[in-house]
Amino acid sequence: AFTGKTVVLTGTLSRPRDEIKNELLKMGAKVASSVSNKTDFVIYGSEAGSKLEKANALGVQTLSEDEFKGML
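Remember, predicted model here, so these are calculated numbers, not experimental data.

Concerning the overall build of the chain
Then, in step 1: A tally of regular secondary structure across the chain gives three helices and four strands.
Then, in step 2: The secondary structure elements of the chain, listed N-terminal to C-terminal, are β-α-β-β-α-β-α.
Then, in step 3: For 72 residues, the compact-globule estimate of 2.2 N^0.38 gives 11 Å, and the C-alpha radius of gyration of the chain, at 11 Å, lies within 12% of that figure.
Then, in step 4: Based on the C-alpha atoms only, the size of the chain along its principal axes is roughly 30 × 25 × 20 Å.
Then, in step 5: The buried share among the 72 residues of the chain stands at 33%.
Then, in step 6: Surface accessibility of the chain: about 4300 Å² in total, with carbon and sulfur atoms responsible for 47%.
Then, in step 7: Side-chain charges in the chain split into 10 positive and 9 negative, and the spacing between the mean points of these groups amounts to 9 Å.

Some points on the side chain of Glu-65
Then, in step 1: Tracing the chain through its elements places Glu-65 in helix α3 (residues 65-71).
Then, in step 2: The side chain of Glu-65 sits in the buried core without any salt bridge; Lys-69 is the nearest counter-charge, 4.3 Å away.
Then, in step 3: If near-sequence neighbours (up to four positions away) are discounted, Glu-65 is found in contact with Leu-13, Ser-14, Arg-15, Ile-20, Ile-43 and Tyr-44.

Looking at the side chain of Thr-6
Then, in step 1: Counting through the fold element by element, Thr-6 comes out in strand β1 (residues 6-10).
Then, in step 2: In this view, Thr-6 contacts Lys-30, Ala-32, Lys-38, Thr-39, Asp-40 and Phe-41; residues no more than four positions away in its chain are not counted.

A look at unusual backbone geometry
Then, in step 1: In this model, Glu-47 sits at a positive phi of 60°, which is unusual for a non-glycine residue.
Then, in step 2: Note on placement: Glu-47 falls in the loop between β3 (41-44) and α2 (50-58).
Then, in step 3: Judged by relative accessible area, which is 73%, Glu-47 ranks as exposed.

Brief notes about the packing of aromatic side chains
Then, in step 1: Applying the stated criterion across every chain, the model contains two aromatic pairs.
Then, in step 2: Measuring from centroid to centroid gives 5.5 Å for Phe-2 and Phe-68, while their planes differ by 70°, and the two rings are edge-to-face. You can see Phe-2 sitting in the segment before β1 and its partner Phe-68 sitting in helix α3, a full 66 residues away along the chain. Across this residue pair, the class does not change: Phe-2 and Phe-68 are buried.

Structural notes on the environment of Leu-58
Then, in step 1: Within the secondary structure, Leu-58 is located in helix α2.
Then, in step 2: Look at Leu-58 and you get partly exposed, because its relative accessible area is 42%.
Then, in step 3: Residues Leu-58 and Asn-37, spaced 21 residues apart in sequence, show a C-alpha to C-alpha distance of 6.4 Å.

Criteria and thresholds
- Residues numbered from 1 in each chain as written.
- Predicted model: local features only at pLDDT ≥ 70, side-chain atom pairs only at ≥ 80, totals over all residues.
- Heavy atoms only, no water.
- Helix = DSSP H or I, 4+ residues; strand = E, 2+ residues; numbered from the N terminus.
- Rg over C-alpha atoms; globule rule 2.2 N^0.38 Å.
- Buried < 20%, exposed > 50% of the residue type's maximum accessible area, 1.4 Å probe, protein only.
- Areas by Shrake-Rupley, 256 points an atom, 1.4 Å probe, with all protein chains shown as cover.
- Lys, Arg positive; Asp, Glu negative; His and termini not counted.
- Charge placed at Lys NZ, Arg CZ, Asp CG, Glu CD.
- Salt bridge = Lys/Arg side-chain N within 4 Å of Asp/Glu carboxyl O.
- Contact = heavy atoms within 4.5 Å.
- Phe/Tyr/Trp six-rings, centres within 6.5 Å; stacked < 30°, edge-to-face > 60°.

Here you go:
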């Protein structure tokens, strides 16, 4: 589901960000630091702020950390 997709992580996540990033990279995703119209998914944890707002404004698909875990 993540092969060739650009993913941004935001908010407080339950695991270290590097751990999640490495999982995504192994699945063939590109992990970016900012949201743009080229972003495919934003995975968010608690206290997600401006990146989540920008994703919603651009119509980028957002996944809670639990939804992301369900896709693995």
